[in-house]
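Fold and geometry: a report
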Amino acid sequence: MPLVGIARLASESPLLEAKRAVQYFEIPSRSILNRTKPSMPFRWTINPYRGCEFGCKYCYARYTHEFMEMEPADFEDKIYAKASPAHLLRQELSKIDRRDGIAIGTATDPYQPAERRYGRTREILEVFARERGRHVGLITKSDLIVRDIGLLKEIARANVFGVHITITTLDEKLARLLEPRAPRPELRLDAVRRLAEAGVVVGVNPNPIMPGITDGERSLDRLAKASRDAGAVTFGGGPLFLMPSAQKVFFPFLEREFPHLLPRYRALYEKSAYLGRDYKDILAARVRRIRDRYGLASGMIDYKPEIWIEEQGDLFADIA
Ligand code: SF4
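If you're wondering where the values come from, they're calculated on a predicted model, not measured in any experiment. Counting restarts for each chain: residues are numbered from 1 in the order of the written sequence. Residue-level local features of this predicted model are given only where pLDDT is at least 70; pairs of side-chain atoms are given and counted only at 80 or more, and the full residue set underlies all totals for whole chains, interfaces and linings. Hydrogen atoms and water are omitted, and side-chain values are computed over all heavy atoms in the structure.

1. Some remarks on unusual backbone geometry
In this structure, Pro208 follows Asn207 across a cis peptide bond, with omega equal to -10 degrees. Helix and strand labels come from DSSP, where a helix needs a run of H or I of at least four residues and a strand needs a run of E of at least two; each type is numbered from the N terminus. Positionally, Pro208 belongs in the loop between strand 9 (201-205) and helix 10 (217-230). In this model, Glu69 sits at a positive phi of 65 degrees, which is unusual for a non-glycine residue. Among the secondary structure elements, Glu69 is positioned in the loop between helix 2 (63-66) and helix 3 (74-77). Residue class for Glu69 comes out exposed when judged on its relative accessible area of 74%. In the Ramachandran plot, Ser84 falls in the positive-phi region, its phi being about 50 degrees despite a non-glycine side chain. With respect to the helices and strands, the residue Ser84 is situated in the loop between strand 5 (78-82) and helix 4 (85-93). Exposure remark for Ser84: the relative accessible area of 43% places this residue in the partly exposed category. When accessible area is computed with a 1.4 Å probe and restricted to protein chains, residues below 20% of their type maximum are described as buried, those above 50% as exposed, and intermediate ones as partly exposed.

2. Remarks on the pairing of strand 8 (residues 160-166)
Of all seven residues in strand 8, six are buried; the element is thus mostly enclosed. At least two DSSP bridges between two strands are needed for those strands to be called paired. Pairing geometry for strand 7 (residues 135-140) and strand 8, over six bridges, is parallel. For Gly137, the partnering residue across the bridge sits in strand 8 and is Gly162. Seen with its strands pointing away from the viewer, a crossover is right-handed when the path leading from the first strand over the helix to the second is clockwise. In this fold, strand 7 hands off to helix 7 (residues 149-158), which returns the chain to strand 8; that crossover is right-handed.

3. Side note on the site of the ligand
Here a residue is considered near a molecule or strand provided that any single heavy atom belonging to it is located within 4 Å of it. Neighbouring residues of the ligand: Cys52, Phe54, Gly55, Cys56, Tyr58, Cys59, Ala107, Thr108, Asp109 and Lys141. Three classes are used: nonpolar for Ala, Val, Leu, Ile, Met, Phe, Trp, Tyr, Cys and Pro, charged for Asp, Glu, Lys and Arg, and polar for all others, with Gly counted as polar. Across the shell around the ligand, the residue classes break down as six nonpolar, two polar and two charged.

4. Examining the sheet that holds strand 3 (residues 44-46)
The strand order 2-3-6-7-8-9-10 describes an open sheet built from seven strands, whose pairing is mixed. The two strands at the open ends of the sheet, each matched to only one other strand, are strand 2 (34-35) and strand 10 (234-235). Contact between two residues is taken to exist if any of their heavy atoms lie within 4.5 Å; hydrogens are not considered. For helices, the fitted axis covers only the stretch in contact; all axes are lines through C-alpha atoms, and the angles between them, taken along N-to-C directions, range from 0 to 180 degrees. Strands strand 8 and strand 9 of the sheet are contacted by helix 9 (residues 185-197), whose axis makes an angle of about 160 degrees with strand 8.

5. A look at the confidence of the model for the protein chain
Every residue carries a pLDDT, the predictor's confidence in it, which falls somewhere between 0 and 100. The share of residues in the protein chain with pLDDT of 70 or more is 92%, and the mean pLDDT across the chain is 90. The low-confidence segment residues 310-320, where pLDDT is below 50, has 40 contacts with residues more than four positions distant or belonging to other chains.

6. Some points on the packing of helix 9 against helix 10
Two numbers describe how helix 9 lies on helix 10: the axes approach to 8 Å, and their chain directions differ by 35 degrees. Across from Leu189, Val192, Arg193 and Ala196 in helix 9, the residues of helix 10 making contact are Ala226, Ser227 and Ala230. Split into classes, the residues belonging to the contact of helix 9 with helix 10 amount to five nonpolar, one polar and one charged.

7. Quick look at the side chain of Thr64
Note that Thr64 resides in helix 2. Here a polar contact is recorded for every N or O atom pair within 3.5 Å, except that within protein the pair must consist of a potential hydrogen donor and a potential acceptor, and residues adjacent in sequence are included only if both atoms are side-chain atoms. Within the structure, Thr64 has its side chain in polar contact with the backbone oxygen of Ala61 (distance 2.6 Å).

8. Considering the packing of helix 6 (residues 120-128) against helix 7
Between helix 6 and helix 7, the shortest axis-to-axis distance is 9 Å and the interhelical angle comes to 30 degrees. On the basis of the axis angle, helix 6 is roughly parallel to helix 7. Here helix 6 and helix 7 pass one another in a crossing that is left-handed. Between helix 6 and helix 7, the residues in contact are Arg122, Leu125, Glu126 and Phe128 and Leu151, Leu152 and Ile155, respectively. Partitioned by chemical class, the residues of the contact of helix 6 with helix 7 number five nonpolar, no polar and two charged. Here the word oblique covers every angle except those under 35 degrees (roughly parallel), over 145 (roughly antiparallel) and from 65 to 115 (roughly perpendicular). With the far helix as reference, a near helix turned anticlockwise by less than a right angle produces a left-handed crossing, and one turned clockwise produces a right-handed crossing.

So, in structure tokens, the structure goes:
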């Protein structure tokens, strides 16, 4: 029977937009602690999820999905929660030195949307809340972390513990372009405030700092001041690291939003994922100057994904 009335109109309506469909999976792991290089300030990393829905255009961790034979874009839509993280962590902690530094959230955000449903990060924090004398840091750009303030306070009571909130820019429009589904900068600053008020040591990292986009002295200064005012005690930033898998997303993004910067980025990154020494030195001096202006210390966890990557073959090998 032919469709009539509203049914016909509906069937003939042009598509305005199809929303992204995110799929969540559970992936078995052999281990939850991944070893880093001995020269790093932390010895182990923990990433409760593979993939991250926040979809930052510069995200270096997209390569982790390539290792699973997926496209870099799948990194945002196919999210894998690691199975039994608490059980694994309890077992593995008993085998490592209590003074070893452990960083949570170096590859993917531990407070991405999946955490609301699957609580893998919370499970891990519950284990640390029963530990004594551990050295633990956590990196996130999500204000969901305030959900766990009680737990974080418990960890901080008996362990050396600090949180790093990533805020690349205070410019809301720019943040929306760069980090389409991450919480607004204002919400992240508010999380800094609430953590500091609760007595948790918290710092802000403007990572990664992007040439010609977020590396201006004025905008970094404004961010450092706002961070200090919110209660942050550290501020540490490093330059963008752009592997080929990240370039596949970042270059088309530049072409769309910052076409004038594309030739410069191609020249800077096509031969190497790292920026040259000259730019790094200028940027490091700028960050140091700003930090000193506001009495902030350097970050507890340096932004060096290039080093985290080299020793994170086990990011993939931990699949059972
Ligand atoms: S929040 Fe971190 S892991 Fe997630 S997409 Fe952004 S940069 Fe990647």
